[in-house]
Amino acid sequence: MSADGLPETFDVIVHPAAELRGELRAQPSKNYTTRYLLAAALADGESQVVGVATSEDAGAMLRCLGDWGAGVELVGGDAVIRGFGAGPRAGVTLNPGNAGAVARFLMGVAALTTGTSFVTDYPDSLGRRPQGDLLEALSRLGARVQSRDGMFPLAISGPVRGGVVEVSAERSSQYASALMFLGPLLPDGLELRLTGDIKSHAPLRQTLDTLAAFGVRASASDDLSRISIPGGQAFRAGRVLVPGDYPGSAAILAAAATRPGEVRLSNLREHDLQGEREAVAVLREMGADLTREGDTVVVRGGRPLRAVMRDGDGFTDAVQALTAAAALAHGTTTWENVYTLRLKECDRISDTRRELQRLGLTVTETQDSLTVTGTPSLAGGVTADGHGDHRMIMLLTVLGLSAQAPIRITGAHHIRKSYPMFFRHLESLGARFEYPEATRA
Ligand SMILES: O=C(O)C1=C[C@@H](OP(=O)(O)O)[C@@H](O)[C@H](O)C1
Ligand SMILES: C=C(OP(=O)(O)O)C(=O)O
């Protein structure tokens, strides 16, 4: 049994829910947890990260930082980190599990060491995601890199001095974020030139925000194509509070909007750099009744929804949750500029099309867009593949709550990558699930 009281691996059977009603506190942000933990480890001295996520990705970051020599202690819901400053241990093999952001951020910092190796126990997911753009930038800075065609397993050795370097931001913003954690600790700092059509601006701003929270100076052009980080700086140990998580909460909001009832979701601050905050506005544009009372979003669900047409890049980790709402709306929704969804835990364009078609929906895709025609009456009664992807599992779960017959989702334990209490949270709102033995690894 895990902390959520569920078996180690399981499928989930989602039963239709007549209504969802109650109050929840949004879980801690995934993106801020990973950033604050890393920044705390890069500081000399002891930092307190208050209210850290308990997901597998947070666990992966804690494990890797410990392996590199940081002191890691969990006290209640907080992490107390004794940092290694600019000196992570050399000759260590890190395993970031299936956590893309964790892997990339650590790969950047690895250039401080005289050798760090990276392996993953998710060869079919993280093992297939591209790392070449970051490896290229590191090697241009003078690091020695080895990889399997730009993918895991890989090895990185410094030291490097810094200077001007280009990095592509077309496939992921995580490569540039990785270099932003490295830059302040290099003698010459980094002058980053982000090339290509820059994707995921919001996480880049979260990285800048994190540097500032740890006393690191950095400046960026408005379009983020130039980021300047003076060298010879130190991360300043301190106490930081992790805000609520918008990407995971987007799935709760979508569920609440598509079922009758009333759900209050707290711990979602209005002024926040998480791009997935936009899920609130998108659901409103679809016709859902969402109001805000301070940090609480109140959803009065069950109103008919209508399709929208949106550039989805600004809220990349909420696209799948919002696709569930779109699949239950009148009309045809298109998410444009979402090519990078193909490079996440699964191909979130083609795999999503396949799963929605299996549920009887009309879905089309282009290289960088996904289009779904909604139906107010979803039959259900099928088994859908979770593709080992937490956000696919969230999407299918939201649909199951509105279907006429139960939906089984395979490999549903992968929800723990980012939102271990997802099913428990929905149960507290009145949803009903069964957790049979997993039929997918
Ligand atoms: O920097 C981060 O923490 C993240 C950046 C985004 O990735 P991309 O930059 O690859 O879009 C996002 O999808 C991921 O979940 C977390
Ligand atoms: C893509 C995601 O995470 P990562 O890139 O960190 O694996 C996500 O959380 O949806």
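As the structure is a prediction and not an experimental result, all values here were calculated from the model. (Residues numbered from 1 in each chain as written. Chains lettered and ligands numbered in written order. Predicted model: local features only at pLDDT ≥ 70, side-chain atom pairs only at ≥ 80, totals over all residues. Heavy atoms only, no water.)

**What to know about the site of ligand 2**
Note the threshold: If a single non-hydrogen atom of a residue is within 4 Å of a molecule or strand, that residue counts as near it. Two N or O atoms form a polar contact when they lie within 3.5 Å of each other; inside protein one atom must be a possible hydrogen donor and the other a possible acceptor, and for residues adjacent in sequence the pair counts only when both atoms belong to side chains. Surface accessibility follows the Shrake-Rupley procedure with a 1.4 Å probe radius. Residue values consider only the protein chains on display as shielding. The numbering of helices and of strands both runs from the N terminus, where a helix is a DSSP run of H or I of at least 4 residues and a strand a run of E of at least 2. Any residue that is not Ala, Val, Leu, Ile, Met, Phe, Trp, Tyr, Cys, Pro, Asp, Glu, Lys or Arg is counted as polar, Gly included; the first ten are nonpolar and the last four charged. Where each domain begins and ends follows an automated or database-derived domain assignment.
Residues in contact with ligand 2 amount to 14 residues; listed here are only the nearest, Gly100, Ala101, Arg129, Arg391 and Lys417. Here an oxygen atom of ligand 2 and a side-chain polar atom of Lys30 are 2.9 Å apart. Residue Arg391 places a side-chain N or O atom 2.6 Å away from an oxygen atom belonging to ligand 2. In the complex, 98% of the free accessible area of ligand 2, which totals 300 Å², lies under the protein chains. Counting residues per element, the ones that place at least two in the shell around ligand 2 are helix H3 (100-109) and helix H11 (390-402). Looking at side-chain class alone, the shell around ligand 2 contains two nonpolar, four polar and eight charged residues. Both domains that furnish three or more residues to the shell around ligand 2 are identified here as domain 1 (12-27 + 244-434) and domain 2 (30-241).

**Section: the UniProt feature "domain: Enolpyruvate transferase" (unreviewed entry) in the protein**
How we decide: UniProt positions are given in the numbering used here, feature names are shortened, and annotations may be inferred rather than shown by experiment.
Here the UniProt feature "domain: Enolpyruvate transferase" (unreviewed entry) sits at residues 16-426. Annotation note: span residues 16-426, helix share 30%, strand share 26%, distance between end C-alpha atoms 12 Å.

**A look at the nonpolar core**
Applicable threshold: We define the nonpolar core as a collection of buried residues of types Ala, Val, Leu, Ile, Met, Phe, Trp, Tyr and Cys that are connected through side-chain atoms lying within 4.5 Å of one another. To sort residues, take the accessible area from a 1.4 Å probe on protein chains only and compare it with the maximum for the residue type: under 20% means buried, over 50% means exposed, and anything in between is partly exposed. The contact criterion used throughout is that any non-hydrogen atoms of two residues lie within 4.5 Å.
By size, the foremost hydrophobic cluster in this structure holds 76 residues, and its most contacted members are Trp335 and Phe423. Here this core gets nine residues from one element, more than from any other, and that element is helix H7 (residues 246-258). Not counting residues within four places of it along the chain, the set of residues in contact with Phe423 comprises Phe10, Val12, Ile393, Thr397, Ala412, Ile415, Phe433 and Tyr435. Val52, Leu65, Ala79 and Val165 belong to the second largest nonpolar core, which has 73 residues in total.

**Quick word on the site of ligand 1**
Not every one of the 13 residues close to ligand 1 is listed here, only the nearest: Ser172, Ser173, Ser200, Asp317 and Lys344. Interatomic distance of 3.1 Å between a side-chain N/O atom of Gln174 and an oxygen atom of ligand 1. At 2.6 Å from an oxygen atom of ligand 1 is found a side-chain nitrogen or oxygen belonging to Ser200. For ligand 1, whose unbound accessible area comes to 390 Å², protein coverage reaches 96%. For the shell around ligand 1, the elements supplying multiple residues, two or more each, are helix H1 (30-42) and H3. Counting residues per element, the shell around ligand 1 draws most heavily on H1, which supplies three residues. Classifying every residue of the shell around ligand 1 gives three nonpolar, six polar and four charged. Viewed by domain, the shell around ligand 1 spans two of them, domain 1 (12-27 + 244-434) and domain 2 (30-241), each represented by three or more residues.

**Topic: the UniProt feature "binding site: phosphoenolpyruvate" (unreviewed entry) in the protein**
Summarizing the sequence annotation, UniProt attributes the feature "binding site: phosphoenolpyruvate" (unreviewed entry) to Lys30, Gly100, Arg129, Gln174, Arg348, Arg391 and Lys417 in the numbering used throughout. By secondary structure assignment, the location of Lys30 is in helix H1. Under the relative-accessibility criterion, Lys30 is labelled buried at 12%. Ignoring anything within four residues of it in the chain, the contact list for Lys30 reads Asp57, Asp245, Arg391, Lys417 and Ser418. In this structure, Arg391 sits in helix H11.

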